[in-house]
Amino acid sequence: MTDVLPPQVDHAVAVDLAARAVEARRLVVDMAAGPRGCHLGGSLSVLDILIAALHRASLGDGTEVVLSKGHAAAGLYAALHVSGVLAENPAPLYGQLGHPYTGHPGPKVPGVRFPTGSLGHGVPYAAGWALARRIGGQPGLGIAVAGDGELQEGLVWETCQVAAAQRLGNFVLVVDRNGGQNDGLVADISPLPDLAARFAAFGFDTVEVDGHDLARLTAVFGADRTGAERPLAVIADTVKGKGVPAVEGKAGSHYVTIDAARAAKWKRMIR
Amino acid sequence: MTAATVSALSGRDAYRDELTRLAGTDPMVVCLEADLGGKGHPFQAAHPDRFFNLGIAEGAMIDMATGLASAGYKPFVSTFAPFAALRAAESLKLTLGYLAAGVTVVAPYAGVSGAWFGTTHHCLEDLAVLRSIPGVTIAAPYGEAETRAVVRAAVASGRPHYIRTGRNAVFDSLPTGDGEVGPVTWDHRGEPDATCLVSVGEEGTRLALEARAARPELAHAHLTYLDHAHLELAAAELAQRPGRFTVIEEHRREGGVAEALALLLPGREVTGVNAGHGWPTQGGDHHEVMGQLGLDLPAVLAAATAP
């Protein structure tokens, strides 16, 4: 594994991001309590990754963040809101007629870059963004956030081949490795042993992190990759349903619809 | 009517040359290929910092082009029509369609211009796919001058485009007067009540010209732009003349231009000469493979002069 050399993260920033994560998790639970329910487990597993990546983007260097595992739209909307990109609270509007908060990310929502949900496409989009920054001699990253189940899509690996060949050192592919997918466990359906080695074999720098360690994620995304020639794969180990003890680590958390009373109880447990 | 513009380049070579020229004054034009651009691409020689052969990765190419377009670039991507329109169809839907990304897809080897290379290299379905994606400007130019005009328009528009060409055949474009390509290019007005041939694409237009030479009473209208918005304009213009319309297109009947015009010209007789439902199973040159599908001059004359 090739590690990156991340900068130190300011304590105040880490505290602020942690507060955002708590707020965002409560918003996602609110969406699960709406009339449509939501992809709860994957939205909660990816939240810390998104919040840390959006923090990097907020620094204004031209970094773009694309959630490629689009079924976690509830998590994306919540993360965009707590990060200040999306002004209105999306939770009561999720899935509702007259509002853009569809069950997979719609590009009418501020901060949504690509209509993901058909898996794999957000990865090359982010690579294209990275290529654009490089052509223009500009800083900034193209960050794609994919699921581990999503890696079963050939388009992901097609893009890895291209990104390595084009030496897109400013392209970052984050894998939200929560171990689950729609029909069960990734390990049962299509296992991914030696994942870091796979990316390394493609010519990527790789780093494996705790996907809920905001300080660590923020440091990794904050690294200066201006001169890098190898794309970066960040394998983030996460827990499906993270933050809500009733569903943490449970495959059944993939799509959840709950009532208001249960939502209130779950939200109180989020710390 | 002025003489046809003398051509020296095939459609796909005209595209490469025109884009290379335009990129000389527009630094936002970038050129992407998926390993089918050929060695010695003129864009690569002239603008190596904006030319990218991404390898055999059609879907990634179109999605990456969308990332480039989001950053303000004008990406032109090219691969053979079957791989652009079918293999990467979902990318086209999401990017050129839903996002209205300013990406231009240039697709040579359309129809059966791949000839003896076989069915994998034929594309008789691309218009059906692209016509079903709202907002995409679709063009099938005839000859060098028209191809150059279409490429210029695509660069200027910033809108999603799909440009269909053949392989290496060279044609003399029909005269357009001011060099701009409108909804209908009238080649020949014909007799007032005679069938009007409506030609689509390189070979459809060749066949129409041959049919018109054999039967001068026939009219001939050539359509370059084939998306719904342009076909609405074309239909309004075509409706001004009486009689039957016979559409000639190197494409399946389903999703083709004849089908579209039949809906846009209610109460008018619209027939078609097209690739129907066949699958070529033999080699041969381009025209011979077209013949296996019933796409030849006798078929056009029979359709145009049927009682």
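Residues numbered from 1 in each chain as written. Chains lettered and ligands numbered in written order. Predicted model: local features only at pLDDT ≥ 70, side-chain atom pairs only at ≥ 80, totals over all residues.

If you look chain B up in an unreviewed UniProt entry, it shows as Transketolase from Kitasatospora paracochleata.

In the nomenclature of an unreviewed UniProt entry, chain A is known as Transketolase of Kitasatospora paracochleata. Looking at chain A in UniProt, the text filed under Cofactor (unreviewed entry) is "thiamine diphosphate". (UniProt positions renumbered as here; feature names shortened; annotations may be inferred.)

1. Points about the interface of chain A and chain B
Many analyses report the size of an interface as the accessible area lost when the parts associate. Contacts between the two partners involve 22 residues from chain A, matched on the other side by 23 residues from chain B. Of all the elements in the fold, those that place two or more residues in the side of chain A that touches chain B are helix H4 (122–135) and helix H5 (154–165) of chain A. A per-element tally of the side of chain A that touches chain B places H4 of chain A first, with 9 residues. Here the side of chain A that touches chain B is composed, by residue class, of 13 nonpolar, 7 polar and 2 charged. (Contact = placed C-beta atoms within 7 Å. Helix = DSSP H or I, 4+ residues; strand = E, 2+ residues; numbered from the N terminus. Nonpolar A, V, L, I, M, F, W, Y, C, P; charged D, E, K, R; others polar.)

2. Overview of the packing of helix H2 (residues 40–58) of chain A against helix H3 (residues 73–82) of chain A
Packed helices, taken two at a time, are described by the angle between their axes plus the distance between the axes. Residues and elements named next belong to chain A. Following both chains from N to C, one finds H2 and H3 inclined at 35°, their axes separated by 9 Å at the closest point. In the crossing of H2 with H3, the sense of the turn from one axis to the other is right-handed. Only Ala74, Gly75, Leu76, Ala78, Ala79, Leu80 and Val82 of H3 make contact with H2, whose side of the interface consists of Ser43, Leu44, Val46, Leu47, Leu50, Ile51 and Leu54. (Axes fitted to C-alpha atoms, helices over the stretch in contact; angles between N-to-C directions. Left-handed = near helix turned anticlockwise from the far one by under 90°.)

3. Looking at the UniProt feature "domain: Transketolase N-terminal" (unreviewed entry) in chain A
Following the UniProt record, the feature "domain: Transketolase N-terminal" (unreviewed entry) maps to residues 27–267 of chain A here. Regarding residues 27–267 of chain A, the helix share stands at 37% and the strand share at 14%, and the terminal C-alpha atoms are separated by 9 Å.

4. Looking at the pairing of strand E6 (residues 161–164) of chain B
Looking down a regular strand, the side chains alternate between one sheet face and the other. Residues and elements named next belong to chain B. Burial along E6 is two-sided: His161 and Ile163 facing one way and Tyr162 and Arg164 facing the other are all buried. Sheet topology places strand E4 (residues 104–107) next to E6; 4 bridges connect them, and they run parallel. Paired with Val106 across the bridge in E6 is Ile163. Relative to E6, strand E5 (residues 137–139) is paired through 3 bridges, and the arrangement is parallel. Pairing of Thr137 across the sheet is with His161, part of E6. (Buried ≥ 20, exposed ≤ 12 C-beta atoms within 10 Å, placed from the backbone. Pairing = 2+ DSSP bridges.)

5. Regarding the environment of Arg131 of chain B
All names here are of chain B. Examined against the element boundaries, Arg131 turns out to sit in helix H6 (residues 126–131). Given 20 C-beta atoms within 10 Å, Arg131 falls into the buried group. With 129 residues separating them along the chain, Arg131 and Ala260 place their C-alpha atoms 9.4 Å apart.

6. Quick look at the UniProt feature "domain: Transketolase-like pyrimidine-binding" (unreviewed entry) in chain B
Feature annotation in UniProt places "domain: Transketolase-like pyrimidine-binding" (unreviewed entry) on residues 9–172 of chain B, given in this structure's numbering. Helix makes up 41% of residues 9–172 of chain B and strand 15%, whereas the separation of the span's terminal C-alpha atoms amounts to 9 Å.

7. Considerations on the domain arrangement of chain B
Residues and elements named next belong to chain B. By the assigned domains, chain B splits into domain 1 (11–164) and domain 2 (185–305). Look at where the C-alpha atoms of domain 1 and domain 2 centre, and you get two points 25 Å apart. Tallying the contact residues gives 24 residues for domain 1 and 29 residues for domain 2. Contributing elements (two or more residues each) for the side of domain 1 that touches domain 2: H6, E5 and helix H7 (144–157). (Domains from an automatic or database assignment.)

8. Observations concerning the sheet that holds strand E1 (residues 29–33) of chain B
Residues and elements named next belong to chain B. Pairing is parallel in the open sheet, where 6 strands are placed in the order E2-E1-E3-E4-E6-E5. A strand with exactly one partner marks an edge of an open sheet, and here the two such strands are strand E2 (51–53) and E5. Looking at each pair of strands side by side, their axes are set apart by 15° on average, direction ignored. As judged from the 3 bridges shared by strand E3 (residues 74–78) and E4, these two strands associate in the parallel manner. Looking at E4, one finds that Phe76 is bridged to Thr104. Sheet contacts for helix H1 (residues 11–23): E1, E3, E4 and E6; angle to E1, the most-contacted strand, approximately 145°.

9. Concerning the nonpolar core
The biggest cluster of nonpolar side chains holds 179 residues, and the ones touching the most others in it are Val28, Leu50, Ile51, Ile143, Val145 and Val174 of chain A. The element that contributes the greatest number of residues to this core is H2 of chain A, accounting for 10 residues. Two domains each donate at least three residues to this core, and these are domain 1 (11–164) and domain 2 (185–305) of chain B. Residues within four places of Ile143 of chain A in sequence aside, it is in contact with Ala53, Thr63, Glu64, Val65, Val66, Ala126, Val172, Val174 and Phe221 of chain A. (Core = buried A, V, L, I, M, F, W, Y, C linked by C-beta atoms within 7 Å.)

10. Description of the confidence of the model for chain B
When pLDDT drops low, the exact placement of atoms in the prediction is not to be read closely. Averaged over chain B, the pLDDT score is 96; the fraction of residues at 70 or greater is 98%. Scored as a whole, the predicted complex attains pTM 0.95, and scored at its interfaces, ipTM 0.93. (pLDDT = per-residue confidence, 0-100.)

11. Notes on helix H9 (residues 228–238) of chain B
Among all positions of H9 of chain B, only Leu231, Ala234, Ala235 and Leu238 of chain B are buried. Here the buried residues of H9 of chain B occupy an arc of 100° about the axis, which is enough to place them on one side. (Arc of directions from axis to C-beta.)

12. A word on H1 of chain B
For H1 of chain B, which comprises 13 residues, the first-to-last C-alpha distance of 18 Å matches the rise-based estimate of 18 Å (1.5 Å per residue) to within 8%. Turning to H1 of chain B, its buried residues are Gly11, Arg12, Ala14, Tyr15, Arg16, Glu18, Leu19 and Ala23 of chain B. (Expected span 1.5 Å × (residues − 1).)

13. Section: the environment of Ala145 of chain B
In this fold, Ala145 of chain B is placed in helix H7. A sequence separation of 147 residues divides Ala145 of chain B from Gln292 of chain B, and the C-alpha atoms of the two residues are 30 Å apart.

14. Considering the sheet that holds strand E2 (residues 142–147) of chain A
All names here are of chain A. One open sheet holds the 5 strands; their spatial order is E1-E2-E3-E7-E6, and the pairing between them is parallel. If you trace the sheet from one side to the other, it starts and ends with strand E1 (64–67) and strand E6 (205–210), each paired once. The mean angle between the axes of side-by-side strands here comes to 20°, regardless of whether they run parallel or antiparallel. Note that strand E3 (residues 171–177) and strand E7 (residues 232–237) share 6 bridges and pair parallel. Looking at the pairing, Val174 lines up with Val234 of E7. Packing against the sheet, H4 makes contact with E1, E2 and E3, and its axis sits at approximately 170° to E2. The strands touched by helix H8 (residues 214–222) within the sheet are E2, E6 and E7, with E6 carrying the most contacts at an inclination of about 160°.

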